[in-house]
Amino acid sequence: MYTFDYQRPATRAEATAAAKGDVRYLAGGQSLIQAMKLRLSSSEKLIDLGGIAELKGIKADAGSVRIGAMTTHAEVARSADVQKTIPALAELASHIGDPMVRNMGTLGGSIANADPAADYPAALVALGATVHTDRRDIPADSFFLGLYETALQPGELITAVSFPKPQRAAYVKFPQPASRFALVGVFVSQAAGGVRVAVTGAKSSVFRAKPIEDALGKSFTAEAAKGVSMPATDINADLHASAAYRAAMISVMASRAVAAALAR
Ligand SMILES: Cc1cc2nc3c(=O)[nH]c(=O)nc-3n(C[C@H](O)[C@H](O)[C@H](O)COP(=O)(O)OP(=O)(O)OC[C@H]3O[C@@H](n4cnc5c(N)ncnc54)[C@H](O)[C@@H]3O)c2cc1C
């Protein structure tokens, strides 16, 4: 690990004021600390967000849930508000990594990191969420740009994410057995605006499976999702799964997600 300065501000205003030059925010540290230990990442200064109460917490009303960036996966999973308003989101959070990861890792850290196999990006895109930062509101569709790449500018701080309540939704992933990251994960959501299907783990970044959305728009059934053959073009291949296998898994995970959404 390279040497760096460390600051732990008590307010959001102090954090953004300190974010000048070669700095990074530190949330749960579950990705960043490992990258720093391996010398894959280095910054002159770390700004620890852990002491900023205004970045934590969950607020729900009849139509949406707003979750603070520093809310941990465990807090989302056990939130009665999230379980009631968007149960699929609470369930997604409950299957991230292991108990230590869920107790340390945060929503803001997960989406800022934009790991190609992370779970939350699928939820944000399928639900049509909005990412709130200290500077602007970013629709999820324009937030994830590529492999570990987002629309965030240097020093821009995620403060919260708002998720509109769908009519029905569910997320199902085929987890990598060691890390629990998604080999393929599919979030299906049905709302007044139509059906949205977002896939994680299969490409360099989350994407919408339009052929499955079209099929589910005509018939919201598990059979309709399973009947779609997704192309293996640009699909990830590694020692865990070939591109053809992952492509096939997209339809299978989507059909299971539709069945789970209909069973709620
Ligand atoms: C063993 C293991 C298993 C895991 N399994 C899964 C899994 O199954 N599914 C899954 O989705 N994830 C998984 N993760 C990832 C984990 O869930 C964390 O969400 C992720 O590591 C980053 O969150 P963090 O809060 O720890 O962020 P950090 O590691 O602290 O930060 C990550 C990045 O986000 C930036 N950042 C953090 N907060 C903000 C903010 N508010 N505004 C702007 N930038 C910010 C940081 O500067 C850094 O670049 C796993 C991690 C580990 C170590």
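Please refer to the structure placed before this passage.
Residues numbered from 1 in each chain as written. Predicted model: local features only at pLDDT ≥ 70, side-chain atom pairs only at ≥ 80, totals over all residues. Heavy atoms only, no water.

Student: Report on the overall build of the protein, specifying residues and quantitative values.
Tutor: Secondary structure assignment for the protein yields 12 helices and 14 strands. Taking 18 Å as the expected radius of gyration for a compact globule of 264 residues, we find that the protein reaches 18 Å, a close match to that expectation. With the C-alpha coordinates of the protein rotated into their principal frame, the extents come out at 55 × 45 × 30 Å. Looking at the protein as a whole, 52% of its 264 residues are labelled buried. Partitioning the contacts of the protein with sequence separation of at least 6, the portion at a separation of at least 24 is 58%. With the model as given, the accessible surface of the protein reaches about 12,000 Å², and the carbon-plus-sulfur share is 52%. (Helix = DSSP H or I, 4+ residues; strand = E, 2+ residues; numbered from the N terminus. Rg over C-alpha atoms; globule rule 2.2 N^0.38 Å. Buried < 20%, exposed > 50% of the residue type's maximum accessible area, 1.4 Å probe, protein only. Contact = heavy atoms within 4.5 Å. Areas by Shrake-Rupley, 256 points an atom, 1.4 Å probe, with all protein chains shown as cover.)

Student: Got a sec to walk through the pairing of strand E2 (residues 23–26)? Specific residues and values, please.
Tutor: As a general feature of sheets, a regular strand has side chains that alternate between the two faces. In the sheet, E2 pairs with strand E3 (residues 45–48) via 4 bridges, with the strands oriented parallel. Bridged to Arg24 within E3 is Leu46. Crossover connection from E2 via helix H2 (residues 32–37) to parallel E3: handedness right-handed. (Pairing = 2+ DSSP bridges. Right-handed = clockwise from strand over helix to strand, strands pointing away.)

Student: Could you give me a rundown of the site of the ligand, with the residues and numbers involved?
Tutor: In the vicinity of the ligand there are 32 residues, among which Tyr25, Gly29, Ser31, Thr106 and Asp119 approach most closely. Between the ligand and Ser31, the relevant distance is 2.4 Å, taken from an oxygen atom to a side-chain nitrogen or oxygen of the residue. At 2.9 Å, a backbone N or O of Ile158 approaches a nitrogen atom of the ligand. Of the pockets mapped on this structure, the ligand occupies the largest pocket. Mapped onto the shell around the ligand, the elements with two or more residues apiece are E2, H2 and helix H7 (107–113). Considering each element in turn, the shell around the ligand owes the most residues, 5 residues, to H7. Classifying every residue of the shell around the ligand by side-chain character gives 13 nonpolar, 14 polar and 5 charged. A domain split of the shell around the ligand shows at least three residues from each of domain 1 (5–164) and domain 2 (168–263). (Near = heavy atom within 4 Å. Polar contact = N/O pair within 3.5 Å; in protein donor to acceptor, adjacent residues only side chain to side chain. 1 Å grid on protein atoms, 1.4 Å probe; cavity = no way out; pocket = protein on both sides within 12 Å on 5 of 7 lines; lining within 4 Å. Sits in = over half its atoms within 2 Å of the grid points. Nonpolar A, V, L, I, M, F, W, Y, C, P; charged D, E, K, R; others polar. Domains from an automatic or database assignment.)

Student: Can you explain the packing of aromatic side chains? Please cite residues and give values.
Tutor: The geometry of two aromatic rings is summed up by the distance between their centres and the angle between their planes. Summed over the entire model, instances satisfying the criterion amount to 3 aromatic pairs. Both rings, one in Phe143 and one in Phe144, keep their centres 4.9 Å apart while their planes meet at 85°; by these two values the pair is edge-to-face. Residue Phe143 shares its accessibility class with Phe144, and that shared class is buried. Judged by centre distance (6.3 Å) and plane angle (70°), the ring pair of Phe174 and Tyr245 falls under edge-to-face. Here Phe174 is found in strand E11 (residues 168–175), whereas its partner Tyr245 is found in helix H12 (residues 243–263), with 71 residues between them in sequence. By relative accessible area, which is 29% here, Phe174 ends up partly exposed. Judged by its relative accessible area of 37%, Tyr245 falls in the partly exposed class. Above the ring of Tyr2, the side-chain terminus of Arg39 is found at 4.2 Å from the ring centroid. Across the ring face of Phe207, the terminal group of Lys203 is positioned such that the distance to the ring centre comes to 4.5 Å. (Phe/Tyr/Trp six-rings, centres within 6.5 Å; stacked < 30°, edge-to-face > 60°. Lys NZ or Arg CZ within 6 Å of the ring centre and 35° of its normal.)

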